[in-house]
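Architecture and fold: a report
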Amino acid sequence: MNKINYNNMADILDTVFNNCLIKPSEVSLDFKPLCDYVIGIGLKDDFAFNLKRLNFNKLAIETLLEELPNLSNPKYAINLTLNRKGIRWGGLSDVEKLVALGVASEKLFYLLDPKFSGEFAVIQKVEKKLQADPNIITQPTN
């Protein structure tokens with residue numbers, strides 16, 4: 001992958017996004033996916049991503065997300081049109097694509113429902129997966 005900067009970030013995002021989307025050939029005539037998939041929740045629309053290609057592109061998605069302002073603290077979606085250096089890299093449609101990929105790959109989550117808040121949806125980075133408590137003992141079921 002090329003080095004990401006504000007000039008090419010939207011183009012690289014489009015390539016990754018389009019590669020991950022389920023293709024028409026992966027959907028049956030009754031509109032059921034023929035492959036494993038995951039739904040990415042965007043600001044206004046939801047997107048179906050091919051799970052295998054999404055996993056293949058996770059490093060690229062993480063790299064794109066690293067170009068955004070620090071998402072360890074919640075951010076409004078509208079503020080994500082600027083990169084971490086404060087330079088505009090794209091518009092809200094680009095943010096929607098990147099956030100949908102981030103949500104689908106379990107790297108981002110919404111603090112407010114994006115369908116009601118749109119560009120004012122609050123987004124944050126998933127810091128780590130919850131681990132099972134080792135002090136809880138479970139009994140196998142027969």
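My aim in this report is to walk through the structure given alongside it, one point at a time.

What counts and how
- Residues numbered from 1 in each chain as written.
- Predicted model: local features only at pLDDT ≥ 70, side-chain atom pairs only at ≥ 80, totals over all residues.
- Heavy atoms only, no water.
- Core = buried A, V, L, I, M, F, W, Y, C linked by side-chain atoms within 4.5 Å.
- Buried < 20%, exposed > 50% of the residue type's maximum accessible area, 1.4 Å probe, protein only.
- Helix = DSSP H or I, 4+ residues; strand = E, 2+ residues; numbered from the N terminus.
- Contact = heavy atoms within 4.5 Å.
- Axes fitted to C-alpha atoms, helices over the stretch in contact; angles between N-to-C directions.
- Parallel < 35°, antiparallel > 145°, perpendicular 65-115°, else oblique.
- Left-handed = near helix turned anticlockwise from the far one by under 90°.
- Expected span 1.5 Å × (residues − 1).
- Salt bridge = Lys/Arg side-chain N within 4 Å of Asp/Glu carboxyl O.
- Patch = residues over 30% accessible without salt bridge, like charges linked within 9 Å, V, L, I, M, F, W, Y side chains within 5 Å.
- Areas by Shrake-Rupley, 256 points an atom, 1.4 Å probe, with all protein chains shown as cover.

With 32 residues, the main nonpolar core has F49 and L101 as its most contacted residues. Elements with a contribution of two residues or more to this core: α1 (9-20), β2 (46-50), α3 (58-66), α4 (92-104) and β4 (108-110). Discounting residues that sit within four places of it in the chain, L101 has contacts with L13, V16, F17, C20, F49, L54 and I61.

Here we take up the packing of α1 against α4. In the contact formed by α1 and α4, the axes pass within 10 Å of each other and the chain directions differ by 50°. One finds that α1 runs oblique with respect to α4. Between α1 and α4 lies a crossing of left-handed hand. Residues M9, A10, L13, D14, V16, F17 and C20 of α1 form the contact with α4, whose participating residues are D94, K97, L98 and L101.

What follows is about α4. In this model α4 runs 18 Å from its N-terminal to its C-terminal C-alpha over 13 residues, within 8% of the 18 Å that 1.5 Å per residue would give. Taking burial as the measure, the 13 residues of α4 include ten buried ones, the bulk of the element. Within the span of α4, buried status applies to D94, V95, E96, L98, V99, A100, L101, G102, V103 and A104. Two residues or fewer past α4, E106 is found with a positive phi of approximately 60°.

Its identity is not glycine, yet F31 carries a phi of approximately 65°, on the positive side. Residue placement: F31 occurs in the loop between α1 and β1 (37-41). Positive phi outside glycine occurs at E106, with the angle close to 60°. Topologically, E106 is positioned in the loop between α4 and β4.

With that settled, consider the pattern of salt bridges. This model, assessed by the stated rule, comprises five salt bridges. Between K97 and D14 there is a salt bridge, with its nearest N and O atoms 2.6 Å apart. Highlighted residues: K97 in helix α4 and D14 in helix α1, separated in sequence by 83 residues. A salt bridge links D30 to K32, with the nearest nitrogen and oxygen atoms 3.9 Å apart.

Now for the side chain of S105. By the element assignment, S105 lies in the loop between α4 and β4. Contacts of S105, omitting those with residues within four sequence positions, involve L54, K58 and I61.

A separate point is a nonpolar patch on the surface. Judged by side-chain polarity, Y76, I78, L92 and F120 come together as a nonpolar surface patch covering roughly 350 Å² of accessible area. Residue placement: Y76 occurs in strand β3 (residues 75-76). Here Y76 falls in the partly exposed class, since its relative accessible area comes to 42%.

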